[in-house]
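# A structural walkthrough
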Amino acid sequence: MTDHGQDEERHASTGSGPASKGGLSRRQVMTASAVAAGVGLASIPARAGAAAGGQAVSLGVSGTTTVEFRGRVTQSGDSGQSFTSYGYLIRASNADPGSLFSDTSSLSEGTALLTAYATGDLQARTTDGVVHALDIVGTMTIYQRDQPGASFTDPSSFQVGTPVASYDMTLQDVLTVFAPGQGLPTLTGDMVQTAAAKLSGPLAGQMFGRGGARLRFFATGHGILTDPNPIAPHSQLEIAGNWSIE
């Protein structure tokens, strides 16, 4: 997420995601994981046909990636200080594709059964040439849907269903401006799970995560400036990323 609070930032785009007030150290935020960025699909255990009562979804061995996602982020507010993110889970440990999508031949927000919705607030911003760094804190909730139907044209549709997990998040967004009104963000940070609930349907008997679990967040994508007003910049970001177990 990008913030355009200074004149030189008028040509930037945004890129940030849900963040949180988890009481996490700044050291953790600043070192948040290059490891997470480099751990790919192959590290996610594909437990086909996960049985009822099986291992918790989204948990795994320390240092491994356990969730992958796609999403959008919007920046708004009278000073561009508010961020909203919404998306869906592509893969998750201890869950097979049939429990994440209603149609495994078409993996998209429209067929996703586990969606995410987050909000965050800007805490600090530094700018050095074309590189902007933003600190954001917020919260994220994961929802399990009985039926598919989320759409990026309707952010509230990602809040449909039963809340099965919530997180506090502390993120740093480093945005590199490469053209007027466009930027490439890299989001890293820390997550603490604050609530976990049992899943239903194909995942009945399994929990989504574990209260108190600590995770590392990574995402990147493409941001565009939708309103260049330096006082109240608005922007939108398309992202993909993952989180991993500490």
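Quick summary incoming for the structure in this document. Just so it is clear, the structure is predicted and the values come from calculations on it, not from any experiment. (Residues numbered from 1 in each chain as written. Predicted model: local features only at pLDDT ≥ 70, side-chain atom pairs only at ≥ 80, totals over all residues. Heavy atoms only, no water.)

## Re the side chain of Asp190
Heads up, the condition is: Runs of H or I in DSSP of at least four residues are treated as helices and runs of E of at least two as strands, each being numbered from the N terminus. We define a polar contact as two N or O atoms separated by no more than 3.5 Å, with the added condition that, inside protein, one atom must be a possible hydrogen donor and the other a possible acceptor, whereas residues neighbouring each other in sequence contribute only through side-chain atom pairs.
Position of Asp190 relative to the elements: it lies in strand 6 (residues 182-196). Here Arg216 takes part through its side chain, which lies 3.2 Å from a polar atom of the side chain of Asp190.

## Digging into unusual backbone geometry
For Ser58, which is not glycine, the phi dihedral falls at a positive 85°. With respect to the helices, strands and loops of the structure, Ser58 is situated in the loop between helix 2 (34-38) and strand 1 (65-76).

## Quick look at the environment of Ile142
Filter applied, for reference: Only heavy atoms matter for contacts: two residues are in contact if any of them lie within 4.5 Å across the pair.
Examined against the element boundaries, Ile142 turns out to sit in strand 4 (residues 131-144). The residues contacting Ile142, other than those within four sequence positions of it, are Leu89, Leu114, Thr115, Ala116, Thr162, Pro163, Val164, Ala165, Tyr167, Phe208 and Trp243.

## So, the pattern of salt bridges
Rules: Here, a salt bridge means any side-chain nitrogen of Lys or Arg that lies within 4 Å of a carboxyl oxygen of Asp or Glu. Buried, partly exposed and exposed residues are distinguished by accessible area as a fraction of the type maximum, computed with a 1.4 Å probe on protein chains only: under 20%, between the cut-offs, and over 50%, respectively.
Applying the stated criterion across every chain yields a total of 5 salt bridges. Measuring nitrogen to oxygen at the nearest pair gives 3.2 Å for the salt bridge that ties Arg216 to Asp190. Of the two residues, Arg216 sits in strand 7 (residues 214-227) while Asp190 sits in strand 6, which places them 26 residues apart along the sequence. By relative accessible area, which is 18% here, Arg216 ends up buried. Classification of Asp190 as buried rests on a relative accessible area of 1%. Here Glu246 and Arg214 are joined by a salt bridge, their closest N and O atoms 3.4 Å apart. Here Arg214 lies in strand 7 and Glu246 lies in the segment after strand 8 (234-245), a separation of 32 residues in the sequence. What emerges from the salt-bridge pattern is a single network uniting Asp190, Arg214, Arg216 and Glu246.

## So, the side chain of Gln193
Tracing the sequence through the fold places Gln193 in strand 6. Classification of Gln193 as buried rests on a relative accessible area of 2%. Within the structure, the side chain of Gln193 is placed 3.0 Å from the backbone oxygen of Ala195, a separation counted as a polar contact. A distance of 2.8 Å separates a polar side-chain atom of Gln193 from the backbone oxygen of Phe208. Sequence-distant contacts of Gln193, defined by excluding residues within four places in its chain, comprise Ala165, Ser166, Tyr167, Phe208, Gly209, Arg210, Gly211, Gly212 and Ala213.

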